[in-house]
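# Notes for the structure review
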Amino acid sequence: MESYFGKRFIYLLFWVGSFWLGLGVVYHLLNGLEITPFVEVFTFSALDLIFLILIFWKLFFTPPTQRNKKIQFLIFILFKLVCLGFLAIVLKRLRNAPTPSIILGVAFIGIGPIIAGTISNSFPKISTKE
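Summarised in this report is the structure supplied together with it. (Residues numbered from 1 in each chain as written. Predicted model: local features only at pLDDT ≥ 70, side-chain atom pairs only at ≥ 80, totals over all residues. Heavy atoms only, no water.)

## A closer look at the overall build of the protein
A count of helical and extended segments in the protein gives four helices and zero strands. By residue count, 28% of the 130 residues in the protein fall in the buried class. Counting contacts in the protein only where the partners sit at least 6 residues apart, residues at least 24 apart contribute 75% of the total. For the protein, the computed accessible surface area is about 8,900 Å², with 73% contributed by carbon and sulfur atoms. (Helix = DSSP H or I, 4+ residues; strand = E, 2+ residues; numbered from the N terminus. Buried < 20%, exposed > 50% of the residue type's maximum accessible area, 1.4 Å probe, protein only. Contact = heavy atoms within 4.5 Å. Areas by Shrake-Rupley, 256 points an atom, 1.4 Å probe, with all protein chains shown as cover.)

## A closer look at the pattern of salt bridges
Within the structure shown, the criterion is met by one salt bridge. Between glutamate 40 and arginine 93 there is a salt bridge, with its nearest N and O atoms 2.4 Å apart. One end of the pair, glutamate 40, is in helix H2 (residues 36–61); the other, arginine 93, is in helix H3 (residues 69–93), with 53 residues separating them in the sequence. Judged by relative accessible area, glutamate 40 falls into the partly exposed class, the value being 22%. (Salt bridge = Lys/Arg side-chain N within 4 Å of Asp/Glu carboxyl O.)

## Some remarks on the nonpolar core
Nonpolar side chains in soluble globular proteins tend to end up buried together. Counting residues in hydrophobic clusters, the biggest one holds twelve residues: Leu12, Leu13, Val16, Trp20, Phe38, Phe42, Ala46, Leu49, Ile53, Leu104, Phe108 and Ala116. When contributions to this core are tallied by element, the ones reaching two or more residues are helix H1 (2–31), H2 and helix H4 (99–122). In terms of residue count, the dominant contributor to this core is H2 (five residues). The contact partners of leucine 49, leaving out residues within four places of it in the chain, are Leu13, Phe108, Ile109 and Pro113. Counting five residues, the second largest nonpolar core, distinct from the first, contains Val41, Leu87, Val90 and Ala97. (Core = buried A, V, L, I, M, F, W, Y, C linked by side-chain atoms within 4.5 Å.)

So this is what it looks like as C-alpha coordinates:
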(Lines give C-alpha, C1' and ligand atoms only; values in the text may rest on other atoms or scores of the structure.)
Protein backbone atom coordinates (compact mmCIF):
# COMPACT_ATOMS: atom_id res chain seq x y z
CA MET A 1 0.00 0.00 0.00
CA GLU A 2 2.84 2.42 0.84
CA SER A 3 4.45 1.69 -2.51
CA TYR A 4 1.28 2.71 -4.32
CA PHE A 5 1.05 6.04 -2.49
CA GLY A 6 4.77 6.70 -3.03
CA LYS A 7 4.57 6.11 -6.77
CA ARG A 8 1.38 8.13 -6.97
CA PHE A 9 3.02 10.99 -5.07
CA ILE A 10 6.01 11.02 -7.44
CA TYR A 11 3.71 10.90 -10.47
CA LEU A 12 1.60 13.77 -9.12
CA LEU A 13 4.71 15.76 -8.17
CA PHE A 14 5.89 15.47 -11.78
CA TRP A 15 2.56 16.85 -13.01
CA VAL A 16 2.51 19.60 -10.39
CA GLY A 17 6.07 20.53 -11.45
CA SER A 18 5.05 20.63 -15.10
CA PHE A 19 2.04 22.78 -14.23
CA TRP A 20 4.22 25.05 -12.08
CA LEU A 21 6.69 25.50 -14.93
CA GLY A 22 3.89 26.30 -17.36
CA LEU A 23 2.31 28.71 -14.90
CA GLY A 24 5.63 30.51 -14.43
CA VAL A 25 6.23 30.78 -18.16
CA VAL A 26 2.72 32.16 -18.77
CA TYR A 27 3.13 34.62 -15.88
CA HIS A 28 6.41 35.88 -17.32
CA LEU A 29 5.02 36.18 -20.84
CA LEU A 30 1.97 38.14 -19.66
CA ASN A 31 4.03 40.54 -17.53
CA GLY A 32 6.82 41.02 -20.07
CA LEU A 33 9.51 39.62 -17.76
CA GLU A 34 12.48 37.55 -18.86
CA ILE A 35 11.81 33.80 -18.57
CA THR A 36 15.43 32.63 -18.28
CA PRO A 37 15.96 33.42 -14.54
CA PHE A 38 12.76 31.61 -13.60
CA VAL A 39 13.66 28.52 -15.63
CA GLU A 40 17.19 28.38 -14.19
CA VAL A 41 16.03 28.72 -10.58
CA PHE A 42 13.15 26.29 -11.11
CA THR A 43 15.46 23.69 -12.68
CA PHE A 44 17.89 23.65 -9.77
CA SER A 45 15.05 23.77 -7.25
CA ALA A 46 13.44 20.75 -8.91
CA LEU A 47 16.77 18.88 -9.01
CA ASP A 48 17.28 19.65 -5.33
CA LEU A 49 13.81 18.35 -4.53
CA ILE A 50 14.39 15.19 -6.58
CA PHE A 51 17.55 14.34 -4.68
CA LEU A 52 15.86 15.12 -1.37
CA ILE A 53 13.09 12.66 -2.26
CA LEU A 54 15.67 10.06 -3.29
CA ILE A 55 17.51 10.48 0.03
CA PHE A 56 14.34 9.94 2.06
CA TRP A 57 13.18 7.10 -0.19
CA LYS A 58 16.47 5.24 0.26
CA LEU A 59 16.58 6.03 3.95
CA PHE A 60 13.08 4.89 4.86
CA PHE A 61 11.86 2.48 2.16
CA THR A 62 14.83 0.22 1.40
CA PRO A 63 15.55 -2.90 3.38
CA PRO A 64 18.20 -2.34 6.06
CA THR A 65 20.08 -5.48 4.98
CA GLN A 66 21.76 -3.79 2.03
CA ARG A 67 25.53 -3.57 2.37
CA ASN A 68 25.92 -0.43 0.36
CA LYS A 69 23.10 1.58 1.96
CA LYS A 70 25.55 3.97 3.61
CA ILE A 71 27.42 4.50 0.36
CA GLN A 72 24.19 5.19 -1.53
CA PHE A 73 23.10 7.59 1.19
CA LEU A 74 26.46 9.38 1.02
CA ILE A 75 26.23 9.66 -2.77
CA PHE A 76 22.71 11.11 -2.58
CA ILE A 77 23.77 13.58 0.12
CA LEU A 78 26.70 14.70 -2.05
CA PHE A 79 24.43 15.18 -5.07
CA LYS A 80 21.99 17.10 -2.85
CA LEU A 81 24.79 19.38 -1.69
CA VAL A 82 25.93 19.86 -5.29
CA CYS A 83 22.38 20.86 -6.28
CA LEU A 84 22.18 23.29 -3.37
CA GLY A 85 25.55 24.71 -4.44
CA PHE A 86 24.35 25.17 -8.01
CA LEU A 87 21.17 26.81 -6.73
CA ALA A 88 23.23 29.19 -4.59
CA ILE A 89 25.48 30.03 -7.55
CA VAL A 90 22.46 30.69 -9.78
CA LEU A 91 20.81 32.88 -7.13
CA LYS A 92 24.05 34.82 -6.62
CA ARG A 93 24.44 35.29 -10.37
CA LEU A 94 20.84 36.44 -10.74
CA ARG A 95 21.01 39.24 -8.18
CA ASN A 96 19.40 41.71 -10.59
CA ALA A 97 16.72 39.29 -11.79
CA PRO A 98 13.07 40.15 -11.19
CA THR A 99 11.90 39.10 -7.74
CA PRO A 100 8.83 37.16 -9.00
CA SER A 101 11.13 34.98 -11.10
CA ILE A 102 13.20 33.95 -8.12
CA ILE A 103 10.23 33.54 -5.78
CA LEU A 104 8.28 31.42 -8.28
CA GLY A 105 11.34 29.26 -8.98
CA VAL A 106 12.29 28.60 -5.36
CA ALA A 107 8.72 28.29 -4.03
CA PHE A 108 8.27 25.02 -5.89
CA ILE A 109 10.47 23.26 -3.31
CA GLY A 110 7.92 23.95 -0.59
CA ILE A 111 4.62 24.19 -2.40
CA GLY A 112 5.02 21.40 -4.97
CA PRO A 113 5.25 18.50 -2.51
CA ILE A 114 2.41 19.93 -0.41
CA ILE A 115 0.08 20.09 -3.41
CA ALA A 116 1.09 16.63 -4.69
CA GLY A 117 0.73 15.10 -1.22
CA THR A 118 -2.66 16.69 -0.68
CA ILE A 119 -3.96 15.44 -4.01
CA SER A 120 -2.41 12.00 -3.44
CA ASN A 121 -4.07 11.60 -0.03
CA SER A 122 -7.38 13.14 -1.04
CA PHE A 123 -8.29 10.33 -3.39
CA PRO A 124 -7.35 7.00 -1.80
CA LYS A 125 -7.02 3.91 -3.94
CA ILE A 126 -10.27 2.00 -4.16
CA SER A 127 -9.55 -1.69 -4.08
CA THR A 128 -12.05 -4.50 -4.54
CA LYS A 129 -9.61 -7.06 -3.13
CA GLU A 130 -9.10 -7.29 0.62
